[in-house]
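Remarks on the overall topology
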Amino acid sequence: MADQYAHSGDNNRPTEIPALRWEEPPEGPVLVLLDQTRLPAEEVELVCTDAPALVEAIRSLAVRGAPLLGIAGAYGVALAAVRGYDVDEAASALESARPTAVNLAVGVRRAHSAHRAVLARGGDARQAAGAALAAARQLHREDAEASARMAGHGLALLDELLPGGGHRVLTHCNTGSLVSGGEGTAFAVALAAHRAGRLRRLWVDETRPLLQGARLTAYEAARSGMAYTLLTDNAAGSLFAAGEVDAVLVGADRIAADGSVANKVGSYPLAVLARYHHVPFIVVAPVTTVDPRTPDGASIEVEQRPGHEVTEVMAPQVPVAGTEAGGGIPVAPLGTQAYNPAFDVTPPELVTAIVTEEGVVSPVTADALATLCARSRQVTMS
């Protein structure tokens with residue numbers, strides 16, 4: 001069914017932005033998303049009534065970010081089940097909506113497994129749908145709790161590596177409450193430092209070509225009252241050279257078994273710069289982002305995005321002659337081919353530490369990650 005838009009009238013939202021929520025109006029359950037393609041110009045909510053609408057929202061980046069994609073995928077399965085659609089078909093479509101972010105598949109499989117388990121025990125469709133929804137809600141709660149624990153571990157690591165406070169942190173893409181059931185991953189660490197009075201400056205990469213840093217991270221930093229400065233991605237080198245960066249904090253969309261990290265394209269060059277300038281390069285991600293079935297970085301499927309994201313500049317709510325509001329403004333000659341990978345892969349030897357809700361891995365090795373994942377499974381089962 002077609003997506004519907006509803007403007008939020010609340011101008012006093014808390015720091016923790018509700019990026020996603022489940023609602024049950026009289027006409028039937030829906031999944032409500034804060035449409036991130038419309039930020040920061042306006043806060044508009046996108047209402048999904050079925051899995052195809054959610055798949056389109058995921059592909060268009062209306063909802064994005066590894067942890068939140070997992071939550072959205074789980075709710076998408078529940079939505080199909082509660083509304084009586086083909087759950088297997090919905091799960092398959094959702095899981096393949098974006099290939100690099102492993103959390104999406106994890107969330108879909110979790111809700112799908114809960115649904116199938118009830119049916120296998122002889123339960124009816126209503127009971128199975130309830131189980132899928134319960135699984136999605138549980139994942140949502142767990143992610144919020146994981147976010148808080150990652151923030152604590154990350155701040156402790158910053159204080160250990162950079163005693164004395166006054167941290168100047170460079171971040172890339174968007175890793176706050178817009179990508180999480182809580183306050184985020186890497187951004188949550190910076191936010192914890194800010195609240196503790198130990199963040200001197202948050203350097204925000206624009207994050208081309210879709211400007212998630214400029215549009216989203218700056219938006220979150222401003223709402224949180226943080227001291228932040230925006231820079232173009234290619235200005236990062238001069239910032240390092242000037243000695244203005246104490247640490248780099250980024251998220252991850254998939255971490256391979258050997259510790260290779262797939263994150264928003266542009267992360268790998270930052271890791272190289274950080275290593276040359278002896279600056280810690282820290283990845284913050286939940287344990288669900290670690291994929292033991294992906295052996296190394298070369299095995300990570302990197303999503304290729306449409307070329308028009310590079311040949312056009314997106315300008316939401318800025319009408320331009322010949323284009324619709326929210327459409328792209330051409331910045332390259334007609335017919336220009338573009339290379340547009342959504343992610344790049346940073347090898348483990350360039351990663352100082354991986355911060356998860358279960359603790360910190362440093363140095364980053366396959367054995368250390370395997371131990372962390374095993375410990376996480378034990379905690380989950382206990």
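This one's a predicted model, so the numbers in the text were calculated from it and none came from an experiment.

Cut-off values and rules
Residues numbered from 1 in each chain as written. Predicted model: local features only at pLDDT ≥ 70, side-chain atom pairs only at ≥ 80, totals over all residues. Heavy atoms only, no water. Helix = DSSP H or I, 4+ residues; strand = E, 2+ residues; numbered from the N terminus. Rg over C-alpha atoms; globule rule 2.2 N^0.38 Å. Buried < 20%, exposed > 50% of the residue type's maximum accessible area, 1.4 Å probe, protein only. Contact = heavy atoms within 4.5 Å. Areas by Shrake-Rupley, 256 points an atom, 1.4 Å probe, with all protein chains shown as cover. Lys, Arg positive; Asp, Glu negative; His and termini not counted. Charge placed at Lys NZ, Arg CZ, Asp CG, Glu CD. Pairing = 2+ DSSP bridges. Axes fitted to C-alpha atoms, helices over the stretch in contact; angles between N-to-C directions. pLDDT = per-residue confidence, 0-100. 1 Å grid on protein atoms, 1.4 Å probe; cavity = no way out; pocket = protein on both sides within 12 Å on 5 of 7 lines; lining within 4 Å. Points joined across faces, edges and corners; volume = space filled by probe spheres on them. Nonpolar A, V, L, I, M, F, W, Y, C, P; charged D, E, K, R; others polar. Arc of directions from axis to C-beta. Phe/Tyr/Trp six-rings, centres within 6.5 Å; stacked < 30°, edge-to-face > 60°.

Looking now at the overall build of the protein chain. Regarding its fold elements, the protein chain presents eleven helices and 17 strands. Since a compact globule built from 382 residues should have a radius of gyration of about 21 Å, the 20 Å found for the protein chain is in line with a globular shape. A burial count over the protein chain gives 54% of its 382 residues as buried. Within the protein chain, contacts between residues separated by at least 24 positions form 75% of all contacts whose residues are at least 6 apart in sequence. Total accessible area on the protein chain is roughly 15900 Å²; 53% of this is exposed by carbon and sulfur atoms. Averaging the positions of the 30 positive and the 43 negative side-chain charges in the protein chain gives two centres separated by 3 Å.

Ordered in space as β12-β9-β10-β15, the four strands form an open sheet in which the pairing is mixed. Taken across any chain shown, the strands that pair with only one partner, and hence form the sheet edges, are β12 (290-291) and β15 (343-346). One ladder, built from two bridges, connects strand β9 (residues 254-256) with β12; its direction is parallel. Looking across to β12, one finds that I255 is bridged to V290.

What follows covers the sheet that holds strand β5 (residues 167-171). If you trace the seven strands from one edge of the open sheet to the other, you get β7-β6-β5-β8-β11-β16-β17, paired in mixed fashion. With one partner strand each, in any of the chains shown, β7 (228-231) and β17 (359-361) form the two edges of the open sheet. In this sheet, neighbouring strand axes are inclined to one another by 25 degrees on average, regardless of whether the strands run parallel or antiparallel. With three bridges connecting them, strand β8 (residues 247-250) and strand β11 (residues 281-284) associate as parallel partners. Residue pairing across strands places V248 opposite F281, the latter belonging to β11.

Burial of strand β4 (residues 44-48) is extensive: five of the five residues sit out of reach of the surface. Neither face of β4 is left uncovered, since the one carrying V44, L46 and C48 and the one carrying E45 and V47 both have all their residues buried.

For the rest of this paragraph, the subject is the confidence of the model for the protein chain. For the protein chain, mean pLDDT is 91; residues scoring 70 or higher make up 91% of the total. This model gives residues 1-15 a pLDDT under 50, and the stretch forms 36 contacts once residues within four places in sequence are excluded. Across residues 318-326, confidence stays below pLDDT 50; counting only partners more than four residues off in sequence or on other chains, it has six contacts.

This next bit is on empty space enclosed by the protein. Counted by the stated rule, this structure contains three cavities of 30 Å³ or more. Approximately 190 Å³ is the volume attributed to the largest cavity. Of all the secondary-structure elements, those providing two or more residues to the lining of the largest cavity are α2 (66-82) and β10 (261-264). When its volume is computed, the second largest cavity comes out at roughly 70 Å³. Taken together, 13 residues line the second largest cavity, and the ones lying closest to its centre are P209, L210, K264, E309 and A342. Here the residues of the lining of the second largest cavity are counted per class, giving six nonpolar, three polar and four charged.

So, about helix α9 (residues 267-276). Among the residues of α9, those classed as buried are S267, L270, A271 and A274. The buried residues of α9 occupy an angular sector of 100 degrees when the element is viewed end-on, so they sit on one face. Just beyond α9, the residue with positive phi is H278, at close to 60 degrees.

Below, the discussion takes up the packing of aromatic side chains. Applying the stated criterion to the full structure yields one aromatic pair. Seen in terms of ring centroids, W22 and Y75 are 5.8 Å apart; in terms of plane orientation they differ by 25 degrees. Their pairing is stacked. Pair noted here: W22 is in strand β2 (residues 20-23) and Y75 is in helix α2, with a separation of 53 residues, a long-range link. Take W22 and Y75: they sit in the same class, and that class is buried.

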